[in-house]
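Summary of the model geometry
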Amino acid sequence: MLVMLAAVSACAPVYRNHGYVPSEEELAPVEVGTDTRETVGQKIGRPSTSGLLNDVGWFYVQSRYKEFGPRQPKEVDRQVLAVTFNEAGTVENIARYGLEDGRVVEISRRVTETNVKGMSFIQQILGNFGRVQASDFLGE
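Treat the numbers as computed from the prediction; the structure is a model and nothing was measured.

Examining the overall build of the protein chain
- Secondary structure assignment for the protein chain yields five helices and five strands.
- Along the chain direction, N to C, the helices and strands of the protein chain fall in the order α-β-α-α-β-β-β-β-α-α.
- The 140 residues of the protein chain split such that 18% are buried.
- Intrachain contacts of the protein chain at a sequence separation of at least 6 include 46% that bridge at least 24 residues.
- Accessible surface computed for the protein chain: about 11,200 Å², of which carbon and sulfur atoms make up 55%.

Pasting the structure below:
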């Protein structure tokens, strides 16, 4: 009975949280049109992400993942708080978004595709044996 209980409890989902989004209470002192980047940083802290191309805003991101056994972790909740600034550097807008408001956007893809199509790795290596000459190694 004890072994069966241990097996069942091992299959319970595990939830992990990543990131930080200020709560409504923490965000209450921030005033649109009055606060600047400096005062927002003092009141709620600086985010880990800001506007990538034009630094027009600060983005606070928090995600919650569900892990269940050997399966791939699944994102079950996401919150994004966007604090945008105008040209003078004062707060222009504060908006909160959820997982249902967004879509997956691939910012960076680190996959190198091969230029050689239809040839296996072994075929590529064996194809180079006839091309190597002694002068290539001697520097002549």
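Description of the nonpolar core
- Core analysis: the largest hydrophobic core is formed by 11 residues, namely Val21, Leu27, Val30, Val40, Ile44, Trp58, Tyr60, Leu81, Val83, Phe85 and Val91.
- Sorting the residues of this core by element identifies α3 (37-44), β3 (57-67) and β4 (74-85) as the ones contributing at least two each.
- If you tally residues by element for this core, the top one is β4, at three residues.
- Those residues within four positions of valine 30 in sequence are excluded, and the remaining contacts are Asp35, Val40, Lys43, Ile44, Val91 and Ile94.

Some words on the environment of valine 14
- The topology assignment puts valine 14 in strand β1 (residues 14-19).
- Its relative accessible area of 45% is what places valine 14 among the partly exposed residues.
- Residues valine 14 and tyrosine 65, 51 residues apart in the sequence, show an inter-C-alpha distance of 8.2 Å.
- The residues touching valine 14, leaving out its near neighbours within four places in the chain, are Tyr65, Lys66 and Glu67.

A closer look at the side chain of aspartate 35
- Relative to the elements of secondary structure, aspartate 35 occurs in the loop between α2 (24-27) and α3.
- Within polar-contact distance, the side chain of aspartate 35 engages the side chain of threonine 39 at 2.9 Å.
- Within the local environment of aspartate 35, its side chain forms a polar contact with the side chain of lysine 43, the two groups lying 2.9 Å apart.
- In this structure aspartate 35 touches Pro29, Val30, Val40, Lys43, Gly89, Thr90 and Val91, once residues within four positions along its chain are discounted.

A word on the confidence of the model for the protein chain
- Averaged over the protein chain, the pLDDT score is 77; the fraction of residues at 70 or greater is 64%.
- No element of the protein chain has a lower mean pLDDT than strand β2 (residues 49-50), which averages 62, and none a higher one than α3, which averages 92.
- For the stretch residues 105-112, pLDDT sits under 50, and the model shows zero contacts to residues farther than four places along the chain or on other chains.

Regarding the packing of aromatic side chains
- In total, this model carries one aromatic pair according to the counting rule given.
- Look at tryptophan 58 and phenylalanine 85: their rings are 5.3 Å apart centre to centre, the planes differ by 75°, and that puts the pair in the edge-to-face class. You can see tryptophan 58 sitting in strand β3 and its partner phenylalanine 85 sitting in strand β4, a full 27 residues away along the chain. Each member of the pair tryptophan 58 and phenylalanine 85 is classed as buried.

What counts, and where the lines are drawn
Residues numbered from 1 in each chain as written. Predicted model: local features only at pLDDT ≥ 70, side-chain atom pairs only at ≥ 80, totals over all residues. Heavy atoms only, no water. Helix = DSSP H or I, 4+ residues; strand = E, 2+ residues; numbered from the N terminus. Buried < 20%, exposed > 50% of the residue type's maximum accessible area, 1.4 Å probe, protein only. Contact = heavy atoms within 4.5 Å. Areas by Shrake-Rupley, 256 points an atom, 1.4 Å probe, with all protein chains shown as cover. Core = buried A, V, L, I, M, F, W, Y, C linked by side-chain atoms within 4.5 Å. Polar contact = N/O pair within 3.5 Å; in protein donor to acceptor, adjacent residues only side chain to side chain. pLDDT = per-residue confidence, 0-100. Phe/Tyr/Trp six-rings, centres within 6.5 Å; stacked < 30°, edge-to-face > 60°.

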